[in-house]
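A look at the structure
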Amino acid sequence: SEHAAASALLAWLADTSSDFATSEAQDEATLVGMEGEPAHDPRFAAVVRYRLSRKRLCRLAAEVLEAHRREHLPAAQRP
């Protein structure tokens, strides 16, 4: 069912997110700290932007799946 598939995807996203070495907030702070720093390595900045984008995408996908799951809850499970 769609509800089960959404639940499985949410579990996978949670597992994937727990494997990240840094948090979204840490990556944001790293990028802010690099701003205006002339000696920063542009390759490192690109890696941090990629990591941050991936984390944001996982969070957005989880939010969409949660909304879908709530919308399509079986009638017996609705409050």
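Summary of the structure given here.

The rules behind these values
- The numbering scheme is per chain: residues are counted from 1 as the chain's sequence reads.
- This being a predicted model, a pLDDT of at least 70 is required before a residue's local features are given, and a value of 80 or more before pairs of side-chain atoms are given or counted; all residues contribute to the totals for chains, interfaces and linings.
- Computation of side-chain values: all heavy atoms of the structure, hydrogens and water removed.
- Working definition: helices are DSSP H or I runs of at least four residues, strands are E runs of at least two. Numbering for both runs from the N terminus.
- Between the two quantities, the radius of gyration covers C-alpha atoms and the globule rule is 2.2 Å times the number of residues to the power 0.38.
- For every residue, the accessible area (1.4 Å probe, protein chains only) is compared with the maximum for its type, and the residue is labelled buried under 20%, exposed over 50%, or partly exposed between those bounds.
- It only takes one pair of heavy atoms within 4.5 Å for two residues to be counted as in contact.
- Only the protein chains shown count as cover for residues, and all accessible areas are computed by the Shrake-Rupley method using a 1.4 Å probe.
- A helix is expected to span 1.5 Å multiplied by its residue count minus one.
- Whenever two N or O atoms come within 3.5 Å, that pair is a polar contact, provided that in protein one can donate a hydrogen and the other can accept it, and provided that, for residues adjacent in sequence, both atoms are side-chain atoms.
- Residues enter a patch when their relative accessible area is above 30% and they make no salt bridge; the linking distance is 9 Å between like charges and 5 Å between nonpolar side chains (Val, Leu, Ile, Met, Phe, Trp, Tyr).
- Here, a salt bridge means any Lys or Arg side-chain nitrogen found within 4 Å of an Asp or Glu carboxyl oxygen.

For the chain, the count of helices and strands is three helices and zero strands. Helices and strands in the chain line up, N terminus first, as α-α-α. In summary, the chain has a C-alpha radius of gyration of 17 Å against a globular reference of 12 Å for 79 residues, an excess of more than 25%. Along the three orthogonal principal directions, the C-alpha set of the chain runs to about 60 × 20 × 15 Å. With 79 residues in all, the chain has 22% of them scored as buried. Counting only contacts in the chain whose residues sit at least 6 apart along the sequence, the fraction spanning at least 24 positions is 75%. Accessible surface computed for the chain: about 5700 Å², of which carbon and sulfur atoms make up 60%.

Attention now moves to helix 3 (residues 42-71). Side chains three or four residues apart in an α-helix point the same way, a direct result of the helix having 3.6 residues per turn. Its 30 residues place the ends of helix 3 43 Å apart at the C-alpha level, agreeing with the 44 Å of an ideal helix rising 1.5 Å per residue. Restricting attention to buried positions, one finds in helix 3 the residues Ala45, Val48, Leu52, Lys55, Cys58 and Leu65. Where helix 3 is buried, its residues touch helix 1 (2-18) and helix 2 (24-34). Its side-chain oxygen 2.9 Å from the backbone nitrogen of Arg43, Asp41 forms the N-cap of helix 3.

Where nonpolar side chains cluster on the molecular surface, the patch consists of Leu57, Leu60 and Val64 and spans about 300 Å² of accessible area. Note that Leu60 resides in helix 3. Overall, the relative accessible area of 46% leaves Leu60 in the partly exposed class.

Looking at the secondary structure, you find Asp27 in helix 2. In this structure the side chain of Asp27 is engaged in a polar contact, spanning 2.8 Å, whose partner is the side chain of Thr22. Engagement of the side chain of Asp27 in a polar contact is seen with the side chain of Arg51, the distance being 2.7 Å. Here Asp27 is in contact with Thr22, Val48, Arg51, Leu52 and Lys55, once residues within four sequence places are set aside.

Geometric values such as these leave the question of function open.
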